[in-house]
Amino acid sequence: MEKQRDGFVSSVGAFTATVASAVGLGNIWKFPYLAGVNGGAAFVLTYLLAVALVGLPILVAEHAIGRKMRKDAVGSYAAVVPQEGFWVVIGYAGIVAAFFIMAFYSDVAGWVFSYIYKSLVAALTGTGPLDGKAFESMVRGSGEPLLWQIGVLIFVSFIVVAGVSKGIERATKLTMPVLLGLLLLCDIRALTLPGAFKGVEFLFAPDFSKLSGAVILSALGLAFFKLSLGMGTMTTYGSYMPHSVRIVPNATRVALADTLVSLLAGLAIFPAVFAFGFEPASGPSLLFISIPAVFSKMPLGTLFTVLFFLLSALAATGAMISLIEVPVAWLSGKMNVKRSAAVLITALGILVLGVPATLSLGPWAQVKLFNMVIFDLLDYIQQNLLLPLGGLAIAIVAGWRVVASDLIQELEIAEKGKKCYIYAVYGFIKYISPALIVLVFLNGFGIFSK
Ligand code: PHE
């Protein structure tokens, strides 16, 4: 049975591939920008709580269901509770979420890839560091960001066609440690800039008056987005996991590693933002303005900038591989489409949403729905609706519909003896995480106000 499906060959490989899905633009682009927009430390703290109390338990639930079912997300949820086929909606909603996310993610990834090239040119020609103006003029255009976005999709498609263990495991094992090293270097430089401490305070000294229902919901949504939860990615990855993986410790390490990368990115960016007098709430441009500025204060700075964006591009690639894998696994597993055709269909589908998302930051900026441009709308829907609701449904299935002993048995595989943390996590999956999601959700939409 296990031989028939391609999968991760070792538990180390399963860990690195899972980290590779989790770590991405969410850490280096989205986390800092949301922390900036939402006022800093109080948001950061809420996000950390959301990771621990909701994200980690749901990550465990997804891995357990995936590995138990050994199917893609749609197949897993269709069959996980015999006689209750309707849970398949989790799988389908996940496919929708994958397209929504990829639409804007491939755009941002395109900016990152273009920054490799631009900083290389800057390094070679000796022009100054890339500044806010350079960023704006790229993003507001149409031809340039679209070309990069399409290039990114072609690049990722090739890797995904290569297959699971060969493509994903190999591509990601090497790059993560290097990215971590470079972030640390960036941190050291940023933290030693004059005035850097204000940035540390901004990140870690909470002002709870900055919290609101909407801010808390956004932090919860970020925790889902960060750990690639609520949409079947981690269920699919669970299905590739060998029985040598101890699910709870593995998921805990993944959540810790991922959160560490976010915090290191924050520590590279905010001290610099305050030292250079940038606007912390400047939004999606934050990463692209602050990082080149930090490196410009180092010897060989432009080369480090090239390297930084190169590694960020690889991190984004790992995340995109896992996003694309959701529809691809479904098309090739259940629908019997050839893998290469499945990737092609998926990539074209992404462009249908992705091109408008990209244009909505430039020539189509007038087109607004609910007062948001298309790029922001897609992001809002996935982060504040699709992922938290998907996560809630997964917690309900895993905690209330799957037979408890079956789920616990899956978590006990490869463990030596009974482990109390397994029961603790199960309690979270069943009671605490879903209750928190419901509360945050209702509160986020203002049900408790007045
Ligand atoms: N976790 C990824 C990141 O932070 C994004 C992602 C979301 C990937 C959902 C897969 C599924 O960049």
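Rules and cut-offs
Numbering of residues begins from 1 in every chain and follows the order in which that chain's sequence is written. Under the rules for a predicted model, residues below a pLDDT of 70 receive no local features and side-chain atom pairs below 80 are neither given nor counted, while totals for whole chains, interfaces and linings still include all residues. UniProt positions are given in the numbering used here, feature names are shortened, and annotations may be inferred rather than shown by experiment. Numbered from the N terminus, helices here are DSSP runs of H or I no shorter than four residues, and strands are runs of E no shorter than two. Burial in this document is a count-based property: other C-beta atoms within 10 Å of a residue's C-beta are tallied, and the residue is buried at 20 or more, exposed at 12 or fewer, or partly exposed in between, with C-beta positions derived from the backbone. Each residue gets a C-beta atom placed from its backbone, and two residues are in contact if those atoms lie within 7 Å. The axes are straight lines fitted to the C-alpha atoms, using for helices just the contacting stretch, and the angles between their N-to-C directions are given from 0 to 180°. Should an angle lie under 35 degrees it is considered roughly parallel, over 145 roughly antiparallel, and from 65 to 115 roughly perpendicular; all remaining angles are considered oblique. Any residue whose C-beta atom, as placed from the backbone, lies within 6 Å of a molecule or strand is termed near it. As a working rule, the residues Ala, Val, Leu, Ile, Met, Phe, Trp, Tyr, Cys and Pro are called nonpolar, Asp, Glu, Lys and Arg charged, and the rest polar, with Gly in that last group. Read the arc as the range of directions from the helix axis to the C-beta atoms.

- The name given to the protein chain in an unreviewed UniProt entry is Transporter, with Gracilinema caldarium as the source organism.
- UniProt lists a comment for the protein chain under the heading Sequence similarities (unreviewed entry), and it reads "Belongs to the sodium:neurotransmitter symporter (SNF) (TC 2.A.22) family."
- Database annotation for the protein chain, UniProt heading Subcellular location (unreviewed entry): "Membrane".

**Notes on the environment of G66**
- Its place among the elements puts G66 in helix α3 (residues 41-69).
- By the C-beta count within 10 Å, which is 28 here, G66 ends up buried.
- Separated by 171 residues in the primary sequence, G66 and Y237 have C-alpha atoms spaced 7.0 Å apart.
- Setting aside residues no more than four positions away along its own chain, G66 makes contact with S76, M234, T235, T236, Y237, G238 and S239.

**Some thoughts on the packing of helix α2 (residues 25-37) against helix α11 (residues 213-226)**
- For the pair α2 and α11, the least separation of the axes is 11 Å and the interaxial angle reads 180°. Regarding the angle of α2 to α11, the classification is roughly antiparallel. Of α11, the residues touching α2 (which contributes G26, N27, K30, F31 and L34) are S218, L222, F225 and K226.

**Quick word on the site of the ligand**
- Not every one of the 15 residues close to the ligand is listed here, only the nearest: G24, G26, S228, T233 and A319.
- If you list the elements that add at least two residues to the shell around the ligand, you get α1 (11-22), α2, α11 and α15 (301-333).
- Taken together, the residues of the shell around the ligand sort by class into 7 nonpolar, 7 polar and 1 charged.

**Points about the packing of α3 against helix α18 (residues 404-412)**
- At a minimum axis distance of 10 Å, the contact between α3 and α18 shows a crossing angle of 90°. Our classification of the angle between α3 and α18 gives roughly perpendicular. Touching V60, A64, R67 and K68 of α3 are L407, E410 and L411, all from α18.
- Here the contact of α3 with α18 is built from residues that sort into 4 nonpolar, no polar and 3 charged.

**Describing α18**
- Residues L407, E410 and L411 constitute the buried set of α18. The buried residues of α18 occupy an angular sector of 100° when the element is viewed end-on, so they sit on one face. Within α18, the exposed residues directed more than 90 degrees away from the buried face are S405 and D406.
- Turning to α18, the residues buried within the fold contact α3, α13 (247-276), α17 (374-401) and α19 (420-444).
- Of the residues flanking the end of α18, it is A414, one or two places downstream, whose phi is positive at about 70°.

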